[in-house]
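Next come the chains, spelled out residue by residue.
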Amino acid sequence: MLLTLLASLCFWAAPTDTISDYYTIETIPTPAGLTVETGGLTFLPDGRLAACFHRGEVMLYNPKTKTWKLFAEGLHDPLGILAVSNRELLVMQRPELTRLTDTNGDGVADTYETVADQFGMSGNYHEFAFGPVRDSKGNLYISLNTASNGAGIRDELRGQYDSLGRPGRMYACVPYRGWVMQITPNGKVKPYASGFRSPNGLGIDAQGRLLVTDNQGDWLGTSKLYNVEEGKFYGHPTSLVWRPGFPDIDPLTLSPQTLDSMRTVESIAFPHEIMAHSPTQMVVDNSGGKFGPFAGQTFVGEMDFPHLLRVLPDMVDGQMQGACVPFFAKGGSNGTPLRIGNNRLAFSPDGSLWLGQTDHGWLGDRGLQRIRYTGGTPLDILAMTLTPTGFDLTFTQPVDEATARQLANYQVRSYYYEYHRAYGSPQKDVQTVPVTAVQLSPDRRTVSLTLSQLRPKRIYELHLAKLTAGSKQLMNSVICYTLNRLRTPAVGRAN
Amino acid sequence: MYKSLLLLTALLLNLSAWAQRDTTITITTSGGLQFDQKRLVVKPNTRLHLVFLNKDDMAHNLVVTRPNARLRVVEFALALGDKGPAMHHVPAMDDVLAHTVSVEPGAADSLTVRVADGAYPFVCTYPGHGAVMYGVVYATNEPEKLPDPKTDRNLPNLDRVAEVGMHQHAKASGHPYPLTLPAVCRTFMADCGPAAIAVGLPGADGGQSYVFDAGSCRLRYAWSGGFVDNTEQWDGKGQRFTTVVGDIYYRDTDGFPWRVGSQTPVVQFKGYRLIDRYPEFRYLVNGVEIRELVRARAGGRGLVRTFTISPTRQPLTFNATAQPGIQYKPSAGRLQNNQVRLPAGTRQFSLTLSTL
């Protein structure tokens, strides 16, 4: 009897695992005197880390010997780095994309070759330059921040000045500010896509799509992830001045409705305060399972919160939309906590995820940390796909039937963000959407939710309480799906 | 009657003293999540009117707390979680004496608070901001007894203050290695295009330095007595210039100096390579590649500019307009009419620039 009671108590004890039971954080020591405001991280073919920092240093770190070596110096606010070989790096600094090459094999760069500088500089501090990333065809992509009316421009500029691009909270008075540029393998520099505000992150996902993050502000009701395609306009108007064929007007004189009709919307929104304040770079888990159950998935950094994000794309009518969910939120008290300011991310050959932090001028932190998978399978959402009547959620492992079948364990809010000139947007037309039915797949890994109503151009914020898998609790109980398009039932498919 | 007059006089005096204690102060933002004013000193019992002007790129608020209550208010604000935005991230608690609403970029709000004798923190309680974005109002009749601002623990970023202080004393390089000349620093410099490259050259008394403009591919000015100071450029969001350390003795007035044949120059910067740490710049002008290496002139202030030119069938012209106090000495050709003409096929050329 006592044994039965004890067993019963054990059975009903709430699961208490956290993400720290599956992953551990390690802070990487950095050289004395280095201001560790990280602008870029990349791994060389030989396994060493190359990192660039705000004050212009490019340093190499050998994880085996735990030693640092200076590779290059004197760059201007480098905010991206890409390894070409063990002796060649591409670095994006404010004035240009630069190829650094160690020609004599002594471990130090000898040539600083200009790869691309065909864009304007007004000297405004907000004109950062990000990238590069490379696609499977060898094209490189960089992105160029708009300028801020928190400060002016210099007496001397680089590139043509256009006063039509000068008005605005964020502005583009010199060429290709607010653009993503493409550099082809033969070195041709092309304006590729426009309409960005602060596109701090670029990445190529496992399917080869070019993804760019952008930060909440004027014309962005909340921060976003775009699937960027050539020739498209992504909503921040000032860069239109530099679009070939654009009429000779200030784009801000166009109505929001007109601009809305011209733009391509985000694939995935990061609802402000819930998911992100300032998303940073994307990186694909290419570790082949050495980083836990998320192989092939895309992680995104975040400046203000001590967590990352994971994005779950969903294709509807050939267009990408989908969900985002936090990663490493609510870590336990085991060992070192994850800091904020996670500006740059890179997977190491050993499958750990390296994070470069920064706080330069904004909220954040300084330093390098890495997240290492220690084993086991956390209970988390692996996919969220839209159905004609609701959503399918697939988990990393089978969930307990009792909790999964309860309607009350699924709460849905729906809203949209307004596209307007103001800085950010409140959630508009917030509604509670009842979940009317739950189905559990035979293998108990997929929950199919039926909602009372689905409407396009809205965000569906799903809260899952109490879902468990034996002794494991769900690592993240909130997930947000950006529903741009409804999925219509296939013709002839039996319902 | 006399007694009545005395009472009236006392009342008037009190009113006068009272009126003198109404104070309005405007606070705005500065780089690195900071208020521009961090320490305010007023008399006790002042009715303080604070106007908060948000010049930052993100929303902030301003909350005045009871003495020693800043951290507690910040923690309670963080605990608001999802309810924070609707409450302007201000928790309802007695430790909050007054507060603004959420102030969007470019907007302003104000608050009024009465402060008795004491130190009253003011802070932005947006999530994560409160650890760095704060200051203090000292209400005191004895301002001379306040702690030195550099050691005042009621002010933020003591480490950075110490860093700046250390820099001023020790001339630390700000890098994990000492400054070694020659040195290259790409940054924002005054009187130069935004793609500026400062180069420090070794020599006596701090050596010499110059700025090369990568946008227009030309040397802009030179100075002696030191290299550059990045303190202002690094502290903040990057709008401020890197500053010259030393005395500028030469400024170029010619614009881009080279002409290929009679063509208007169209230039393109191609980067540089380091030769014993000296940068050799590489640029194209009308399809002709020129490499330029600059060294300090031996024996006094001045520079030796050495040019290596790719083969060309056209004659070249180098413009060097006379300037007071500056002497030019070309390695080939002659300086006539403020220019040096070089025949087609010239591959090497140098110009020594010196002060008289």
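Conventions and cut-offs
- Residues numbered from 1 in each chain as written.
- Chains lettered and ligands numbered in written order.
- Predicted model: local features only at pLDDT ≥ 70, side-chain atom pairs only at ≥ 80, totals over all residues.
- Heavy atoms only, no water.
- Helix = DSSP H or I, 4+ residues; strand = E, 2+ residues; numbered from the N terminus.
- Contact = heavy atoms within 4.5 Å.
- Areas by Shrake-Rupley, 256 points an atom, 1.4 Å probe, with all protein chains shown as cover.
- Rg over C-alpha atoms; globule rule 2.2 N^0.38 Å.
- Buried < 20%, exposed > 50% of the residue type's maximum accessible area, 1.4 Å probe, protein only.
- Buried area = accessible area lost by both parts, 1.4 Å probe.
- Salt bridge = Lys/Arg side-chain N within 4 Å of Asp/Glu carboxyl O.
- Nonpolar A, V, L, I, M, F, W, Y, C, P; charged D, E, K, R; others polar.
- Pairing = 2+ DSSP bridges.
- Phe/Tyr/Trp six-rings, centres within 6.5 Å; stacked < 30°, edge-to-face > 60°.
- Axes fitted to C-alpha atoms, helices over the stretch in contact; angles between N-to-C directions.
- Core = buried A, V, L, I, M, F, W, Y, C linked by side-chain atoms within 4.5 Å.
- Domains from an automatic or database assignment.
- Polar contact = N/O pair within 3.5 Å; in protein donor to acceptor, adjacent residues only side chain to side chain.

By the naming in an unreviewed UniProt entry, chain B goes by Blue (type 1) copper domain-containing protein and is assigned to Spirosoma rhododendri.

As recorded in an unreviewed UniProt entry, chain A goes by the name DUF7133 domain-containing protein, listed as coming from Spirosoma rhododendri.

**Observations concerning the overall build of chain B**
Across its full length, chain B carries four helices and 26 strands. Pairs at least 24 apart in sequence give 57% of the contacts found in chain B among residues at least 6 apart. Accessible surface, chain B as shown: approximately 17,000 Å² in total, 53% of it carbon and sulfur.

**Concerning the overall build of chain A**
Scanning chain A from terminus to terminus reveals three helices and 36 strands. For chain A, whose C-alpha radius of gyration is 24 Å, the value lies close to the compact-globule estimate of 23 Å for 495 residues. Its C-alpha atoms give chain A principal-axis dimensions of roughly 85 × 60 × 40 Å. The buried share of chain A, reckoned over its 495 residues, is 61%. Counted over contacts in chain A with a minimum sequence separation of 6, partners at least 24 positions apart contribute 60%. With the model as given, the accessible surface of chain A reaches about 18,000 Å², and the carbon-plus-sulfur share is 52%.

**Section: the interface of chain A and chain B**
Contacts between chain A and chain B engage 49 residues on the former and 49 residues on the latter. Summing both sides of the interface, chain A and chain B together bury roughly 4,100 Å²; the carbon and sulfur share of this comes to 50%. Interface area lost by chain A to chain B is led by Arg 55, Arg 154 and Glu 156 of chain A, which between them contribute 17%. For the pair chain A and chain B, the interface holds three salt bridges. A salt bridge links Glu 73 of chain A to Arg 277 of chain B; its shortest N-O distance comes to 3.5 Å. Among the elements that make up the side of chain A that touches chain B, the one with the highest residue count is strand 9 (residues 111-116) of chain A (four residues). Class assignment for the residues of the side of chain A that touches chain B results in 16 nonpolar, 18 polar and 15 charged. Where strand 9 of chain A lies against strand 18 (residues 267-275) of chain B, three bridges are found, and the strand directions are antiparallel. By the bridge assignment, Thr 111 of chain A is partnered in strand 18 of chain B with Arg 273 of chain B.

**Topic: the pairing of strand 13 (residues 218-224) of chain B**
Put simply, side chains in a regular strand alternate between the two faces of the sheet. All names here are of chain B. Counting buried positions over the seven residues of strand 13 gives seven, a clear majority of the element. For strand 12 (residues 208-213) and strand 13, the ladder comprises six bridges, and the chain directions are antiparallel. Across the sheet, residue Phe 212 finds its bridge partner in strand 13, namely Leu 219. The antiparallel pairing of strand 12 with strand 13 creates a hairpin that spans four residues between the two strands, and Cys 217 there sits at a positive phi of about 55 degrees. Sheet topology note: the strand 13/strand 16 (residues 247-251) ladder contains four bridges and is antiparallel. The residue of strand 16 that forms the bridge with Tyr 221 is Arg 251.

**As for the packing of aromatic side chains**
All names here are of chain A. By the definition in use, this model includes 41 aromatic pairs over all chains. With a centroid separation of 5.7 Å and an interplanar angle of 80 degrees, the aromatic rings of Phe 196 and Tyr 226 are classed as edge-to-face. With Phe 196 in the loop between strand 15 (189-193) and strand 16 (201-204) and Tyr 226 in strand 18 (residues 223-227), this residue pair connects regions lying 30 residues apart in the sequence. Residue Phe 196 shares its accessibility class with Tyr 226, and that shared class is buried.

**Digging into the sheet that holds strand 15 of chain A**
Residue and element names in this part refer to chain A. With antiparallel pairing, four strands are arranged side by side in an open sheet as 10-11-14-15. Each end of this open sheet is capped by a strand with a single partner; those strands are strand 10 (129-134) and strand 15. In this sheet, neighbouring strand axes are inclined to one another by 25 degrees on average, regardless of whether the strands run parallel or antiparallel. Bridge analysis of strand 10 against strand 11 (residues 140-144) gives four bridges, and the strand direction is antiparallel. Residue pairing in the sheet places Phe 130 in a bridge with Ser 143 of strand 11.

**Focus: the nonpolar core**
Core analysis: the biggest nonpolar cluster contains 74 residues, and Val 58 and Leu 89 of chain A together with Tyr 210 and Trp 258 of chain B have the highest contact counts within it. If sequence neighbours within four positions are ignored, Val 58 of chain A has contacts with Ala 51, Cys 52, Lys 69, Leu 70, Phe 71, Ala 72, Leu 75, Ile 81, Leu 89, Val 91 and Leu 100 of chain A. Val 180, Phe 196 and Trp 362 of chain A together with Leu 50 of chain B belong to the second largest nonpolar core, which has 47 residues in total.

**Some thoughts on the sheet that holds strand 19 (residues 268-270) of chain A**
Residues and elements named next belong to chain A. If you trace the four strands from one edge of the open sheet to the other, you get 16-17-18-19, paired in antiparallel fashion. Each end of this open sheet is capped by a strand with a single partner; those strands are strand 16 and strand 19. Mean inter-strand twist for the sheet, computed between neighbouring axes without regard to direction, equals 20 degrees. In this structure, strand 17 (residues 210-214) lies alongside strand 18, joined through four bridges in antiparallel fashion.

**Here we look at the domain arrangement of chain B**
The domains assigned to chain B are domain 1 (20-157) and domain 2 (171-355). Summarising the inter-unit geometry, the C-alpha centres of domain 1 of chain B and domain 2 of chain B are found 48 Å apart.

**Brief notes about the domain arrangement of chain A**
All names here are of chain A. Here chain A is described as being made up of domain 1 (25-373) and domain 2 (381-483). Distance between the C-alpha centres of domain 1 and domain 2: 30 Å. Tallying the contact residues gives 39 residues for domain 1 and 27 residues for domain 2. Roughly 2,600 Å² is buried in total at the junction of domain 1 and domain 2, and carbon and sulfur atoms are behind 56% of that figure. The largest contributions to the domain 1 side of the interface with domain 2 come from Trp 219, Gly 221 and Ile 274, which together make up 19% of the buried area. Counting the contacts that link domain 1 with domain 2 gives zero salt bridges. Elements represented by at least two residues in the side of domain 1 that touches domain 2 include exactly helix 2 (256-262), strand 19, strand 22 (308-316) and strand 23 (319-327). Take the side of domain 1 that touches domain 2: its biggest share by element is six residues, from strand 23. Taken together, the residues of the side of domain 1 that touches domain 2 break down into 21 nonpolar, eleven polar and seven charged.

**A closer look at the environment of Phe 241 of chain B**
Within the secondary structure, Phe 241 of chain B sits in the loop between helix 4 (231-234) and strand 15 (243-244). Phe 241 of chain B has contacts with Arg 154 of chain A together with Phe 188, Met 189, Ala 190, Glu 232 and Gln 233 of chain B, leaving out every residue within four places of it along the chain.

**A short note on the side chain of Gln 281 of chain A**
Residues and elements named next belong to chain A. Assignment of secondary structure puts Gln 281 in strand 20 (residues 279-284). Among the residues examined, Gln 281 registers a relative accessible area of 14% and is labelled buried. At 3.2 Å, the side chain of Gln 281 and the backbone oxygen of Leu 345 are in polar contact. When sequence neighbours within four positions are dropped, the list of residues in contact with Gln 281 reads Gly 201, Leu 202, Phe 299, Val 300, Gly 301, Asn 343, Arg 344 and Leu 345.

**Structural notes on the environment of Ala 139 of chain B**
All names here are of chain B. Within the secondary structure, Ala 139 is located in strand 9 (residues 134-139). Take Ala 139: its relative accessible area is 1%, and that puts it in the buried class. The spacing of Ala 139 and Pro 44 is 95 residues in sequence and 4.7 Å in space, taken between C-alpha atoms. Residue contacts for Ala 139: discarding those within four places in its chain leaves Val 42, Lys 43, Pro 44, Val 115, Ala 116, Asp 117, Gly 118 and Tyr 120.

**Quick notes on unusual backbone geometry**
Look at the link from Gly 131 of chain A to Pro 132 of chain A: it is a cis peptide, with omega at -10 degrees. Secondary-structure assignment places Pro 132 of chain A in strand 10. Residues Leu 181 of chain B and Pro 182 of chain B are joined by a peptide bond in cis, for which omega reads 0 degrees. Locating Pro 182 of chain B in the fold gives a position in the loop between helix 3 (158-170) and strand 10 (183-187). The backbone phi angle of Asp 276 of chain B is positive, close to 50 degrees, even though this residue is not glycine. Tracing the chain through its elements places Asp 276 of chain B in the loop between strand 18 and strand 19 (278-285).

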